[in-house]
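Listed below, chain by chain, are the residues.
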Amino acid sequence: MLAAMPLSPSRTVTELKELRELTGDENGAQRVAWTDTWERARAWLREKLDGLPLEHEIDEAGNQWWTLRGSSERAVLIGGHIDSVPNGGWLDGSLNVVAGAEVMRRLAEDGEPDATVRLVDWADEEGARFGRSLFGSLADQAELRERRDADGVALPDALGDHGVDLDRALEAHRQLEGAVAYLELHIEQGPVLESMELPLGVVLGTFGVERHQITFRGQAAHAGSTPMDRRRDALAGAAKLELEIREIAKRTGDGAVCTMGGVVTRPGIVTSVVETAECLLDQRHLDAAKLAEMLSNAESASRRFAQEEDIEVAWERIWNIEPILFDEGLIELADEAVREVAGRSHRLPSGPLHDAAEVARAGVPTVMLFVQSLRGLSHTKLEDTKEEHLELSVQALDRLAGRTIARVAG
Ligand SMILES: [Zn+2]
């Protein structure tokens, strides 16, 4: 018989510090996927869960699973990633697997749950070594085969060293069969909760993104001899557009963000009117229709400015992704769980993509909890969260897991 083991949120904080000692150095966390340090972290997590009545498995993609069989086959998944970027923070990803381990202990101690509960440690969320996150984005196998790390090691070889056969990695998708809910706790990695003085928030989904290169074309002309009213200045179009996208984001609201990340001008010399101005535009929104509207507003504004300045404008899409919305029912449960442990809750979108977005895209009802990040910093050794907030986040995940199990079983 196991000793009685109620939820111990402070143990999660202790274990996170232990993991930091084991796998970090003076520059931060070094748990880069497909490295020895990462394997050490994964073995450490296995030890932590040893002795519990859990089935352990590493799947075809290298994802690590612990399953607590319930009276129903329907499975509630709790997921995170123990891998980090090089010189990363101590909490990104690892918080959820370590907090998830604590929830698994509590559930196992309570006896057979009403639904099957599975903890998953996704392999290579960060894509730090090969520039590509693996799970759920495995469609382009040929492209993955070509990838090499900074030392020239091919991706299939590195995966092979860790027991993963790239040809079979897609078979890991079978793990989502029978999954009826996916729960993920993560640090916010942004400043919103801290600015609102809230420890915890509920994530509505991940932003849709539209990225474009916009090129304004005018005419290079001598800065001294060309009168002001005879100029075809490409930079004037770019400058007007940069100011207009701020208004577009403001008008759209609901978290809309638009960024002109760069403008390259040619010929780029002090004695010439600018002939071409290449702008990089990034637009994000949680609502697909509003994102499309922001894009079309920016396009029509750019044409208006081109006309005003007697220049041309051309748009080229660089990349886009649709917004991924989390499950409304689970968002409600998450809100209840957060209010119960922290008094107040707040719903917010996520700028970064997470494993949760891939799982939601695969059709599994999903929700995420965010815990406040100090100064909004992440992917650096300066990443931090107050210990009391970490403890609250473990409690909230536990309450959310309990509510979700009751919901899917009933
Ligand atoms: Zn992460």
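Computed from a prediction, not measured in an experiment: that's the story for all the values here. (Residues numbered from 1 in each chain as written. Predicted model: local features only at pLDDT ≥ 70, side-chain atom pairs only at ≥ 80, totals over all residues. Heavy atoms only, no water.)

1. Regarding the overall build of the protein chain
Counted only if it meets this: Numbering goes from the N terminus for both helices and strands, where a helix is a DSSP run of H or I of at least four residues and a strand is a run of E of at least two. Accessibility here uses a 1.4 Å probe with only protein chains present; expressed as a share of the type maximum, an area under 20% marks a residue as buried, one over 50% as exposed, and anything in between as partly exposed. Whether two residues are in contact is decided by their heavy atoms, any of which lying within 4.5 Å being enough. A positive count includes Lys and Arg, and a negative count includes Asp and Glu. His and the chain ends are not counted in either. Charge positions are represented by NZ for Lys, CZ for Arg, CG for Asp and CD for Glu.
Summing up its helical and strand segments, the protein chain has 11 helices and 15 strands in all. Along the three orthogonal principal directions, the C-alpha set of the protein chain runs to about 90 × 50 × 40 Å. By residue count, 52% of the 410 residues in the protein chain fall in the buried class. Considering only contacts in the protein chain between residues 6 or more positions apart, those separated by 24 or more positions represent 78%. For the protein chain, the distance from the average site of its 45 positive side-chain charges to the average site of its 73 negative ones is 4 Å.

2. What to know about the side chain of His354
In this fold, His354 is placed in the loop between β14 (347-350) and α10 (355-361). Residue class for His354 comes out buried when judged on its relative accessible area of 4%. In this structure His354 touches Glu125, Glu184, His186, Gln189, Met368 and Phe370, once residues within four positions along its chain are discounted.

3. A short note on helix α3 (residues 94-109)
Our working definition: An expected span of 1.5 Å times one less than the residue number is assigned to each helix.
Over its 16 residues, α3 extends 23 Å from the first C-alpha to the last, a length consistent with the 22 Å expected when each residue adds 1.5 Å. Phi for Gly111, located one or two positions after α3, is positive at around 90 degrees.

4. A short note on the coordination of the zinc ion
Ideal geometry at a metal centre gives angles of 109.5 degrees when four donors are arranged tetrahedrally and 90 or 180 degrees when six donors are arranged octahedrally. The criterion, for reference: Donor atoms (N, O, S) are those found within 2.8 Å of the metal centre, with the cutoff raised to 3.2 Å for Na, K and Ca; water is not part of the atom list, so apparent gaps in a site can occur.
Around the zinc ion, the protein supplies His81 (NE2), Asp92 (OD) and His186 (NE2) as donor atoms, at distances of 2.0 to 2.2 Å. One chain supplies every donor for the zinc ion, spaced along it as H-x10-D-x93-H. Residue Asp92 is located in the loop between β5 (75-80) and α3, and its partner His186 is located in strand β7 (residues 179-187); the two are separated by 94 residues in the primary sequence. The pair Asp92 / His186 is uniform in exposure class, with both members buried.

5. Quick look at the sheet that holds strand β12 (residues 312-321)
Using the following cut-off: Two strands qualify as a pair provided that DSSP identifies no fewer than 2 bridges between them. Interaxial angle, 0 to 180 degrees, is taken between N-to-C directions of lines fitted to C-alpha atoms, where a helix line uses only the stretch in contact.
Pairing within the open sheet is antiparallel, and its four strands lie in the order β10-β11-β9-β12. Either end of the sheet is taken by a strand with one partner, and the two such strands are β10 (257-266) and β12. Between one strand axis and the next, the sheet turns by 15 degrees as a mean value, whatever way the strands run. Summarising the sheet, strand β9 (residues 208-217) and strand β11 (residues 276-285) pair through 10 bridges and their orientation is antiparallel. Across the sheet, Phe216 pairs through a bridge with Ala277, a residue of β11. The strands that helix α7 (residues 234-252) touches are β9, β10 and β11; relative to β10, the one it contacts most, it runs at about 175 degrees.

6. Things to note about the pairing of strand β15 (residues 366-371)
Burial within β15 is extensive, with six of its six residues counted as buried. On β15, burial covers both faces: Thr366, Met368 and Phe370 on one face and Val367, Leu369 and Val371 on the other are all buried. Two elements, β7 and β15, share six bridges in a ladder whose sense is parallel. Paired with Ile187 across the bridge in β15 is Val371. As paired elements, strand β8 (residues 200-206) and β15 share four bridges and run antiparallel to each other. Each residue of the ladder has a partner; that of Gly201, found in β15, is Phe370.

7. A look at helix α8 (residues 288-309)
Inclusion rule: Directions drawn from the helix axis to the C-beta atoms are what define this arc. Counting of polar contacts relies on pairs of N or O atoms within 3.5 Å, with two restrictions inside protein: one atom must be capable of donating a hydrogen and the other of accepting it, and residues adjacent in sequence are counted only when both atoms are side-chain atoms.
Compared with an ideal rise of 1.5 Å per residue, which puts 22 residues at 32 Å, α8 spans 32 Å between its outermost C-alpha atoms and is within 8% of the ideal. Buried within α8 we find Leu291, Met294, Leu295, Ala298, Ala301, Ser302, Phe305, Ala306 and Glu309. Each buried residue of α8 sits inside an arc of 140 degrees when the element is viewed along its axis, so together they form one side. For α8, the exposed residues lying more than 90 degrees away from the buried face are Ala289 and Gln307. In this structure, the buried residues of α8 make contact with β9, α7, β10, β11 and β12. The N-capping residue of α8, defined by a side-chain oxygen 2.8 Å from the backbone nitrogen of Ala289, is Asp287. Following α8 by one or two positions, Asp310 adopts a phi angle in the positive range, close to 55 degrees.

8. As for the pairing of strand β3 (residues 55-58)
The pairing of β3 with strand β4 (residues 64-68) spans four bridges and is classified as antiparallel. Among the inter-strand pairings, His56 is bridged to a residue of β4, identified as Trp66. Linking β3 to β4, which pair antiparallel, is a turn of five residues; within it Gly62 sits at a positive phi near 90 degrees.

9. What about the environment of Arg303?
Mapped onto the secondary structure, Arg303 falls in helix α8. Taking the C-alpha atoms as reference points, Arg303 and Gly237, separated by 66 residues in sequence, lie 8.9 Å from one another.

10. Here's the deal with the packing of α7 against α8
Put simply, the test is: Should an angle lie under 35 degrees it is considered roughly parallel, over 145 roughly antiparallel, and from 65 to 115 roughly perpendicular; all remaining angles are considered oblique. Crossings are classed by handedness, with left-handed meaning an anticlockwise turn of the near helix from the far one by less than a right angle and right-handed meaning a clockwise turn.
Contact pair α7 / α8: the axes reach a minimum separation of 9 Å and the direction vectors enclose 150 degrees. It follows from the interaxial angle that α7 and α8 lie roughly antiparallel. The two elements α7 and α8 meet at a crossing, and its hand is right-handed. Here α7 contributes Ala236, Gly237, Lys240, Leu241, Glu244, Ile248, Ala249, Arg251 and Thr252 to the contact with α8, which in turn contributes Lys290, Met294, Asn297, Ala298, Ala301, Ser302, Arg304, Phe305, Glu308 and Glu309.

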